[in-house]
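Examining the three-dimensional arrangement
Below, each chain spelled out in residue letters.
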Amino acid sequence: MSIVVAEICPVAAANAPLLARDGVAVRPVDGVAPSRFALAWRADDTRPRVHAHARAAAGAAPQDR
């Protein structure tokens, strides 16, 4: 008996090499408009790593809103 799990998860092209490994296929998708991502966390979350990640993401994001 074999179990097949098929899931699709869009990722940025630059992240594809980080995900490619045995059992994971990474394929480019053409004809898709650029996407925007949002980072969200609970208002009462005080974990330092969560806030550090948010600061790093804010510093790396383009400011063209």
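Scroll up a little and you will see the structure.
Being a predicted model, the structure only gives us computed values, none of them experimental. (Residues numbered from 1 in each chain as written. Predicted model: local features only at pLDDT ≥ 70, side-chain atom pairs only at ≥ 80, totals over all residues. Heavy atoms only, no water.)

1. Concerning the pattern of salt bridges
Here the structure, examined in full by the defined rule, presents 3 salt bridges. Where Arg 42 meets Asp 45, a salt bridge forms, and the shortest distance between an N and an O atom there is 3.8 Å. A relative accessible area of 3% means that Asp 45 is categorised as buried. Here the residues in one salt-bridge network are Arg 42, Asp 44, Asp 45 and Arg 47, joined through shared partners. (Salt bridge = Lys/Arg side-chain N within 4 Å of Asp/Glu carboxyl O. Buried < 20%, exposed > 50% of the residue type's maximum accessible area, 1.4 Å probe, protein only.)

2. Concerning a nonpolar patch on the surface
Taken together, the side chains of Val 11, Leu 18, Leu 19 and Val 24 define a hydrophobic patch exposed on the protein surface, amounting to about 320 Å² of accessible area. Structurally, the position occupied by Leu 18 is in helix 1 (residues 16-19). (Patch = residues over 30% accessible without salt bridge, like charges linked within 9 Å, V, L, I, M, F, W, Y side chains within 5 Å. Areas by Shrake-Rupley, 256 points an atom, 1.4 Å probe, with all protein chains shown as cover. Helix = DSSP H or I, 4+ residues; strand = E, 2+ residues; numbered from the N terminus.)

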